[in-house]
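Close look at the chain arrangement
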Amino acid sequence: HTNSKRVFDYVSKFGSWVRWEHKVLGMIDGQFCPIPPNITTVNMVCGQQIKSVKEMDTWLASNRCKYKEIKNGEQMAKSRVGPVLYEKIFKHYTYKQ
């Protein structure tokens, strides 16, 4: 992919484009869910019915951990997505590395 019209036009001389949408899914609680987590992930994993960015922001605000000072990766992840998503997605992924 490119943001350059010049490159796009040049490459287009040699063939046609096929739309591609890259999606990453992870197996969480026996179901394939989008990774990184988004509204769909939270709805599937946490049994929510979030429909808007505003509702998602409210959910995150009430689920994130608050630390005076973040001292490690676990705290960073929990401060962004909360303990439930951390446990179900990030903890074990990082552990496998």
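The text that follows walks through the structure, step by step, so that each part is easy to find. (Residues numbered from 1 in each chain as written. Predicted model: local features only at pLDDT ≥ 70, side-chain atom pairs only at ≥ 80, totals over all residues. Heavy atoms only, no water.)

The next thing to look at is the overall build of the protein. Each helix and strand counted, the protein has four helices and two strands in total. For the protein, the succession of helices and strands along the chain, N to C, is α-β-β-α-α-α. Here the C-alpha radius of gyration of the protein, 18 Å, is well above what a compact globule of 97 residues would show, namely 13 Å. Dimensions along the principal axes, computed over C-alpha positions, put the protein at roughly 55 × 30 × 30 Å. Here the protein, with 97 residues, has 23% of them falling under the buried criterion. Of the roughly 8100 Å² of accessible surface on the protein, a fraction of 55% belongs to carbon and sulfur atoms. On the protein, the mean spot of the 16 positive side-chain charges and the mean spot of the 8 negative ones are 3 Å from each other. (Helix = DSSP H or I, 4+ residues; strand = E, 2+ residues; numbered from the N terminus. Rg over C-alpha atoms; globule rule 2.2 N^0.38 Å. Buried < 20%, exposed > 50% of the residue type's maximum accessible area, 1.4 Å probe, protein only. Areas by Shrake-Rupley, 256 points an atom, 1.4 Å probe, with all protein chains shown as cover. Lys, Arg positive; Asp, Glu negative; His and termini not counted. Charge placed at Lys NZ, Arg CZ, Asp CG, Glu CD.)

Within helix α3 (residues 53-63) the residues assigned to the buried category are Met56, Trp59 and Leu60. Angular distribution of buried residues about the axis of α3 spans 95°; they occupy a single face of the element. Residues Lys54, Thr58 and Ser62 are exposed on α3 and point more than 90 degrees away from its buried face. (Arc of directions from axis to C-beta.)

With respect to the element layout, Pro36 can be found in the loop between β2 (31-34) and α2 (39-46). Pro36 sits 54 residues away from Phe90 along the chain, and the two C-alpha atoms are 9.6 Å apart.

This part takes up the state of the cysteines. Throughout the structure, instances matching the rule amount to zero disulfides. With no disulfide of its own, Cys33 lies 9.5 Å from the sulfur of Cys46, the closest cysteine sulfur. Cysteine Cys65 shares no disulfide, and the gap to the nearest cysteine sulfur, in Cys46, comes to 13 Å. (Disulfide = S-S within 2.5 Å.)

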